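# Summary of structural features
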Amino acid sequence: MDSESLPWWKKTVVYQIYPRSYMDSTGNGIGDLKGIISKLDYIKDLGVETIWFSPFFKSPTDKPYKEHDCGYDISDYRDINPEYGTMDDVDELIKGIHSRGMKIVLDMVMNHTSIEHPWFQKSRSSKDNPRRDWYIWRDGKKPNGKKPPNNWRPMIFLGGAWKYDESTEQWYYHCFLPFQPDLNYRNPEVQKEMLDTVRFWLKKGADGFRLDIFNALFEDAEFRDAPFTFTIANGDMDLLFKSSKMTLNHPDTLEFCKKLRKTLDEYPGKFMVGEVGASLATLKKYLGEVVEDGTNTNGLNVIFDLRSTSTPMKAKKFKKLIESYERWFPEPFFPTWVFGNHDQVRRISKIDNDIEQAKLNAALQLTARGMPYIYYGEEIGMRNAKIHKSESKDAVSHHFKIIPQFIRNFITRFGVSLNRDECRTPMQWNSAENAGFSPPGAETWLSVNNTSEENNVEVEEKDPESLLNCYKRFLKVRKETTALNSGSINFIEIKKSPKSLLAYERKAIVNNKEDKAFVFLNFSRKNIRFHNPLKNPKVLVSTSIKTEPLDNAQIVLMPWEGIVLIE
Ligand code: GLC
């Protein structure tokens, strides 16, 4: 198919903003919408086309931190958290994004609400309240009902997934934290309300949605116990011999997904990306079947997959990941390329805080087939902060508070975040006190990382060899080169090439002509040299501006260098 006719979202690069940490316009230490609006030119100039916002909807962030999830527990889906601004600010934001030729993606937390949501308040008020059945209430086990209804456990935690509510003497189900009660999707009113909410935001101008823990929407209708399984942990989130089958990836979620897609398609040119933690075989099911002219499906458009965040910096590991993505997500499907988000240890801290390796990561992310996601600050190499558990704000960190700090540090070294504050510190704009996020003297909601003096936008903009400028070069070339933004991918096999080389070709059809780009990535700290398989190659872009990779019949790459060549 001719790449020119592909929808925008098949070629786009997404930039994720965590609103609390991007830019504070009021000086209260908390990021806000006006702050973000003031940075739209920076984002445009960076070269991304789509911005995904972690939720800025009404949510009880005025409560102590351990009692809310910083926006992922919504108390009104059609209103804005006053800490971040107003609906007028959102309208201005949408306008500002669209007028710069960019797109906006909102975070839909459909699985659960806050306990503060008026629906839940009504639901818990009495057994016969009309909202009772909007959530999942059950009697506890006999004789006195003080034992949970079954053995279900929450998505990422041990312990039970039911909370007892004294007033009506029943238990409610929560797949995440206890202040995030699950909505009951078996109730048609809930489905209708949430689909209407999606319409509400599409009408307002949203270009797409990121769907929070989308695989958790439906549970077993008969509330059967989670069965035993011979697994300690696996891709489908079975854990410690307990299967997740009764609570995650339920076939009815896949059915609902089709309805959601139909709703989305009422407004042409929109897309949705689902957060689904599962094996690739399970993920594939969410993408639905291929329909119409073979270019589209009736499921999610794409699935946010975290496999890349933990892939070691080895050519063969990334090769394997690309191979499995190609196997499971061939055209018209495609994978995502994610190195971080607001729940993960920042990638740069997993790769020795090494800027050169981070550049190679960017080169891979922006040249492999798929939809890249850049988490704010990743483009300047912002590191994971070190925050002691006694100072953490993150409710998940509180949940794990019994785990001693040294064990937490150990776990973090393996890339698992028990305190998500560490990847959510304020964006580093300049070398001033508070890094230009808040005015000097303000108390920021999380401390600015102590690397901010050298590691910030202003410093990096001036340095042609910075990570930021590397991102900009690759983003520009990706946008201008159809082969890179929407072409197919095939490995280039070069005889006797070093093991650390990953080489692939991207190929697209533009106006009936082939457009090709050739990518060579050196996953090692040494120079490598190998046979040049191309005729009259030219360098389109490199991770380094000092590159001179073409040496007669050979290609020479510097340590951790990544280049794109054309013929
Ligand atoms: C998702 C979000 C995470 C949130 C959780 C519950 O995993 O990314 O930040 O805490 O869902 O909504």
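Quick caveat, the model's predicted, so the values are computed rather than measured. (Residues numbered from 1 in each chain as written. Predicted model: local features only at pLDDT ≥ 70, side-chain atom pairs only at ≥ 80, totals over all residues. Heavy atoms only, no water.)

## Here's the deal with the packing of helix 5 (residues 188–204) against helix 6 (residues 251–265)
To be explicit about the condition: What counts as an axis is a line fitted to C-alpha atoms, over the stretch in contact for a helix, and the angles between N-to-C directions run from 0 to 180 degrees. Only DSSP runs of H or I with at least four residues qualify as helices, and only runs of E with at least two residues qualify as strands; both kinds are numbered from the N terminus onward. Orientation categories follow fixed angle ranges, with anything under 35 degrees roughly parallel, anything over 145 roughly antiparallel, 65 to 115 roughly perpendicular, and all other angles oblique. In a left-handed crossing the near helix is turned counterclockwise from the far helix by less than a right angle, and in a right-handed crossing that turn is clockwise. Residues count as neighbours in contact if any of their non-hydrogen atoms are within 4.5 Å of one another. Three classes are used, and their members are as follows: Ala, Val, Leu, Ile, Met, Phe, Trp, Tyr, Cys and Pro are nonpolar, Asp, Glu, Lys and Arg are charged, and the others, Gly among them, are polar.
At a minimum axis distance of 10 Å, the contact between helix 5 and helix 6 shows a crossing angle of 30°. In terms of orientation, helix 5 and helix 6 fall into the roughly parallel class. Crossing hand, helix 5 versus helix 6: right-handed. Within the contact between the two elements, helix 5 uses Q191, L195, V198, R199 and L202 and helix 6 uses F256, K259, L260, T263 and L264. Classifying every residue of the contact of helix 5 with helix 6 by side-chain character gives six nonpolar, two polar and two charged.

## Quick word on the pattern of salt bridges
The condition is simple: Only one rule defines a salt bridge in this text: a Lys or Arg side-chain nitrogen within 4 Å of an Asp or Glu carboxyl oxygen.
One pass over the full model with this rule turns up 38 salt bridges. For the salt bridge of D41 with R100, the shortest nitrogen-to-oxygen distance reads 2.7 Å. Taken as a pair, D41 in helix 2 (residues 40–46) and R100 in the loop between helix 3 (87–99) and strand 5 (103–108) lie far apart in primary sequence, 59 residues in all. Linked by salt bridges that have partners in common, D69, D343, D394, R420 and R424 make up one network.

## Quick look at the sheet that holds strand 16 (residues 488–491)
Convention followed: At least two DSSP bridges between two strands are required for those strands to pair.
Ordered by their spatial adjacency, five strands build an open sheet running 16-17-18-23-20, and the pairing between neighbours is antiparallel. The open sheet has two free edges, formed respectively by strand 16 and strand 20 (538–542), since each of these has just one partner strand. Adjacent strand axes in the sheet meet at a mean angle of 25° when their direction is disregarded. Where strand 16 and strand 17 (residues 501–510) come together, four bridges link them in antiparallel fashion. Looking at the pairing, N490 lines up with E505 of strand 17. Against the sheet, helix 8 (residues 315–328) contacts strand 16 and strand 17, and its axis sits at roughly 35° relative to strand 17. Contacts from helix 14 (residues 467–480) reach strand 20 and strand 23 (562–566) within the one sheet, and its direction differs from that of strand 20 by about 130°.

## Some words on the packing of helix 10 (residues 355–367) against helix 14
Between helix 10 and helix 14, whose axes approach to 10 Å, the crossing angle comes to 15°. As far as their axial angle goes, helix 14 and helix 10 are roughly parallel. Here helix 10 and helix 14 pass one another in a crossing that is right-handed. In this structure, helix 10 contributes I355, A358, K359, A362, A363, Q365, L366 and T367 to the contact, and helix 14 contributes L467, C470, Y471, F474, L475 and R478. Partitioned by chemical class, the residues of the contact of helix 10 with helix 14 number ten nonpolar, two polar and two charged.

## Description of the environment of V291
As for its placement among the helices and strands, V291 is situated in strand 11 (residues 290–291). Among all residues touching V291, those that are not within four sequence positions of it are N296, T297 and N298.

## Focus on the packing of aromatic side chains
Ring pairs (aromatic) are described by centroid distance and by the angle formed between their planes. For clarity, the threshold we go by: Pairs were defined over the aromatic rings of Phe, Tyr and Trp, the Trp ring being its six-membered one, requiring ring centres within 6.5 Å. Orientation was assigned from the angle between planes: stacked under 30 degrees, edge-to-face over 60, tilted for the rest. In this scheme, a residue with accessible area under 20% of its type's maximum is buried, one over 50% is exposed, and one in between is partly exposed, where area comes from a 1.4 Å probe on protein chains only. A ring has a charge above it when a Lys NZ or an Arg CZ is no more than 6 Å from the ring centre and no more than 35 degrees off the ring normal.
For the structure shown, the criterion picks out 40 aromatic pairs. Consider the rings of Y375 and Y376, whose centres lie 4.7 Å apart with planes at 70°: the pair is edge-to-face. Accessibility expressed as a relative area gives 1% for Y375, which makes it buried. Ring geometry for F410 versus F414: centroids 5.2 Å apart, planes at 70°, classification edge-to-face. Look at F414 and you get exposed, because its relative accessible area is 62%. By way of ring pairs, the aromatic residues Y15, Y22, Y42, Y375, Y376 and W429 are connected into one cluster. Lying over the aromatic face of W134, R131 brings its terminal NZ or CZ to 4.2 Å of the ring centre. When the ring centre of W137 is taken as reference, the NZ or CZ atom of R132 above it lies at 3.8 Å.

## A few points about helix 5
A turn of α-helix holds 3.6 residues, and therefore any two residues three or four places apart point the same way. Test applied: Here the expected length of a helix is defined as 1.5 Å per residue gap, with one fewer gap than residues. Arc definition: it is the arc formed by the directions from the helix axis to the C-beta atoms. Two N or O atoms form a polar contact when they lie within 3.5 Å of each other; inside protein one atom must be a possible hydrogen donor and the other a possible acceptor, and for residues adjacent in sequence the pair counts only when both atoms belong to side chains.
Taking 1.5 Å of rise per residue, 17 residues should cover 24 Å, and helix 5 covers 24 Å from first to last C-alpha, within 8% of that figure. Burial in helix 5 covers these residues: V190, Q191, M194, L195, T197, V198, W201 and L202. Around the axis of helix 5, the buried residues are gathered within 145° of arc, so they sit on the same side. Exposed side chains of helix 5 directed beyond 90 degrees from the buried face belong to P188, K192 and K203. Two or three places before E189, at the opening of helix 5, N187 has a side-chain oxygen 2.8 Å from that residue's backbone nitrogen. Where helix 5 ends, the next residue or the one after it, G205, has phi of about 120°, a positive value.

## Let's talk about the sheet that holds strand 14 (residues 336–338)
The parallel open sheet is built from eight strands, whose spatial order is 13-10-9-5-2-1-15-14. Pairing within the sheet leaves two strands with one partner each, and these edge strands are strand 13 (302–304) and strand 14. Averaged over all pairs of adjacent strands, the angle between strand axes in this sheet comes to 25°, irrespective of strand direction. Pairing analysis gives three bridges linking strand 10 (residues 271–275) to strand 13, with the strands arranged parallel. Paired with V273 across the bridge in strand 13 is V302.

## Structural notes on the site of the ligand
What counts is decided by this rule: Definition of nearness: a residue and a molecule or strand are near each other if at least one heavy atom of the residue lies within 4 Å of the molecule or strand. Per-residue and other accessible areas follow the Shrake-Rupley method at a 1.4 Å probe size, with only the shown protein chains counted as cover for residues.
Around the ligand, the surrounding shell holds 13 residues, and the nearest of these are D69, D212, H342, D343 and R420. At 3.0 Å from an oxygen atom of the ligand is found a side-chain nitrogen or oxygen belonging to H112. One of the side-chain N or O atoms of R420 is found 2.9 Å from an oxygen atom in the ligand. In isolation the ligand offers 310 Å² of accessible surface; the protein chains occlude 97% of this area. In the shell around the ligand, the residues fall into three nonpolar, three polar and seven charged.

## Remarks on the environment of K122
Within the secondary structure layout, K122 lies in helix 4 (residues 118–125). Taking C-alpha positions, K122 is 7.1 Å from R132, a pair spaced ten residues apart along the chain. When residues no more than four places from it in sequence are discounted, the contact partners of K122 are N129 and R131.

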